[in-house]
Amino acid sequence: PQITPQLGVALSFYDISVALAPLKLQETCLILNELALYITPEALMPKIWGGELMESSGNYLAANRIYNRITNQNDLIRLKIAMNLIAVESYQEALPILEQLLQTNKNDSLFWFILGDVYTKLKIHRLSIFFCCYLSLTEYVHLITLQFPLLQSISLLFQIQTPS
């Protein structure tokens, strides 16, 4: 992107907001960050920073309102939204986001663990047990195949995927 005076001012507001964070001046950080977003509404980093500032003060739904302003959300942003929903016990709302994340990250045990926990909170015990057992099994297979390379060949033969 071309550097303009407006972009320079917006970046300055954002940089000062980040620099002041260790001093626990959250309101000042939020104001400066919002000024950056006012000048450059499509800027990604001030949106992420604004969401993180809200999360750090326990304002999870306000953080999600900021994250939802991000176009083309990646998996990290969707995970942050889901975790914020879990933090306010909105498990039913978090569920479809987590299920979608699992579809694109099937070998990531973090998503299996979080989704299993949400199923437990929603008292969907059949799925909770399945997710916990699957997670334990894949971790066990991964540990065994690290110790015994021959078993890695066997696991490939049976198409047991281990997390990388």
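Notes on the structure in this doc start here. (Residues numbered from 1 in each chain as written. Predicted model: local features only at pLDDT ≥ 70, side-chain atom pairs only at ≥ 80, totals over all residues. Heavy atoms only, no water.)

Here's the deal with the overall build of the protein chain
And step 1. Within the protein chain, the regular secondary structure consists of nine helices and zero strands.
And step 2. When the helices and strands of the protein chain are placed in sequence order, the string is α-α-α-α-α-α-α-α-α.
And step 3. By the burial criterion, 37% of the 164 residues in the protein chain qualify as buried.
And step 4. Relative to all contacts within the protein chain whose residues are 6 or more apart in sequence, the contacts with residues 24 or more apart total 35%. (Helix = DSSP H or I, 4+ residues; strand = E, 2+ residues; numbered from the N terminus. Buried < 20%, exposed > 50% of the residue type's maximum accessible area, 1.4 Å probe, protein only. Contact = heavy atoms within 4.5 Å.)

A word on the side chain of R78
And step 1. Here R78 shows up in helix α5 (residues 75–87).
And step 2. A polar contact is formed between the side chain of R78 and the side chain of D75, at a distance of 2.4 Å.
And step 3. If we skip the residues at most four places from it in the chain, R78 touches Q73, I97, Q100 and L101. (Polar contact = N/O pair within 3.5 Å; in protein donor to acceptor, adjacent residues only side chain to side chain.)

With respect to the side chain of N33
And step 1. Among the structural elements, N33 can be located in helix α2 (residues 26–39).
And step 2. Exposure remark for N33: the relative accessible area of 0% places this residue in the buried category.
And step 3. Not counting the four nearest positions on each side in its chain, N33 is found in contact with Y14, S17, P46, W49 and G50.

Things to note about the nonpolar core
And step 1. Formed by 35 residues in total, the largest nonpolar core has its most connected members in I86 and L98.
And step 2. Every element with two or more residues in this core is listed here: α1 (5–20), α2, α3 (44–56), α4 (60–67), α5, α6 (91–104) and α7 (109–121).
And step 3. Per-element accounting of this core gives the leading share, seven residues, to α6.
And step 4. Each residue touching L98, except ones within four places of it in the same chain, is listed here: L79, A82, I86, I114, L115 and V118. (Core = buried A, V, L, I, M, F, W, Y, C linked by side-chain atoms within 4.5 Å.)

Comments concerning the packing of α4 against α5
And step 1. Two elements in contact, α4 and α5, have axes separated by 9 Å at closest approach and are oriented at 155 degrees. Viewed along their axes, α4 and α5 adopt a mutual orientation that is roughly antiparallel. Both α4 and α5 take part in a crossing whose hand is left-handed. Between α4 and α5, the residues in contact are Y60, L61, A63, N64 and Y67 and I77, K80, I81, N84, L85 and A87, respectively.
And step 2. Of the residues that constitute the contact of α4 with α5, the class distribution is eight nonpolar, two polar and one charged. (Axes fitted to C-alpha atoms, helices over the stretch in contact; angles between N-to-C directions. Parallel < 35°, antiparallel > 145°, perpendicular 65-115°, else oblique. Left-handed = near helix turned anticlockwise from the far one by under 90°. Nonpolar A, V, L, I, M, F, W, Y, C, P; charged D, E, K, R; others polar.)

Re the environment of L98
And step 1. With respect to the helices and strands, L98 occurs in helix α6.
And step 2. Linking L98 and M83, residues 15 residues apart in sequence, is a C-alpha distance of 9.1 Å.

What to know about the environment of N59
And step 1. Counting through the fold element by element, N59 comes out in the loop between α3 and α4.
And step 2. Here the alpha-carbon distance between N59 and V88, two residues 29 residues apart in the chain, equals 9.3 Å.

Observations concerning the packing of α2 against α3
And step 1. For the pair α2 and α3, the least separation of the axes is 10 Å and the interaxial angle reads 155 degrees. Taken as axis vectors, α2 and α3 run roughly antiparallel relative to one another. By crossing handedness, the relation of α2 to α3 is classed as left-handed. From α2, Q26, C29, L30, N33, A36 and L37 reach across to α3, where they touch P46, K47, W49, G50, L53, M54 and S56.
And step 2. Tallied by class, the residues present in the contact of α2 with α3 amount to eight nonpolar, four polar and one charged.

Quick look at unusual backbone geometry
And step 1. A positive phi is found at K24, a non-glycine position, where the angle reads about 60 degrees.
And step 2. Relative to the elements of secondary structure, K24 occurs in the loop between α1 and α2.
And step 3. Among the residues examined, K24 registers a relative accessible area of 73% and is labelled exposed.

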